[in-house]
Amino acid sequence: MLVVIVLVYAAYTKDGVLSEKIITAGISALGGFGVGLAVGKQKE
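Worth saying up front: this structure is predicted, and the values here are computed from it rather than measured.

About the thresholds
- Residues numbered from 1 in each chain as written.
- Predicted model: local features only at pLDDT ≥ 70, side-chain atom pairs only at ≥ 80, totals over all residues.
- Heavy atoms only, no water.
- Helix = DSSP H or I, 4+ residues; strand = E, 2+ residues; numbered from the N terminus.
- Areas by Shrake-Rupley, 256 points an atom, 1.4 Å probe, with all protein chains shown as cover.
- Patch = residues over 30% accessible without salt bridge, like charges linked within 9 Å, V, L, I, M, F, W, Y side chains within 5 Å.
- Salt bridge = Lys/Arg side-chain N within 4 Å of Asp/Glu carboxyl O.
- Buried < 20%, exposed > 50% of the residue type's maximum accessible area, 1.4 Å probe, protein only.

Asker: Could you give an account of the overall build of the protein, naming the residues involved and the relevant values?
Answerer: Each helix and strand in the protein was counted, giving 2 helices and 0 strands. Entry remark: accessible area of the protein is about 3,800 Å², with carbon and sulfur atoms responsible for 72%.

See the structure below:
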């Protein structure tokens, strides 16, 4: 949902740098979440 909002905003304002930063941050957060889950399950 957040990605769609960012892409619509970027298309409206023609601001590609902001959308690139937000998408990169989102992917990083999802990756960190996945690593956290994997490490947590590995310790069990």
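Asker: Describe a nonpolar patch on the surface, and please don't skip the residues or the numbers.
Answerer: A grouping of Tyr9, Leu18 and Ile22 is seen on the molecular surface, where their side chains present a nonpolar patch of about 230 Å² in accessible area. By the element assignment, Leu18 lies in helix H2 (residues 16-43). What makes Leu18 partly exposed here is its relative accessible area of 31%.

Purely geometric stuff here, so don't read any function into it on its own.
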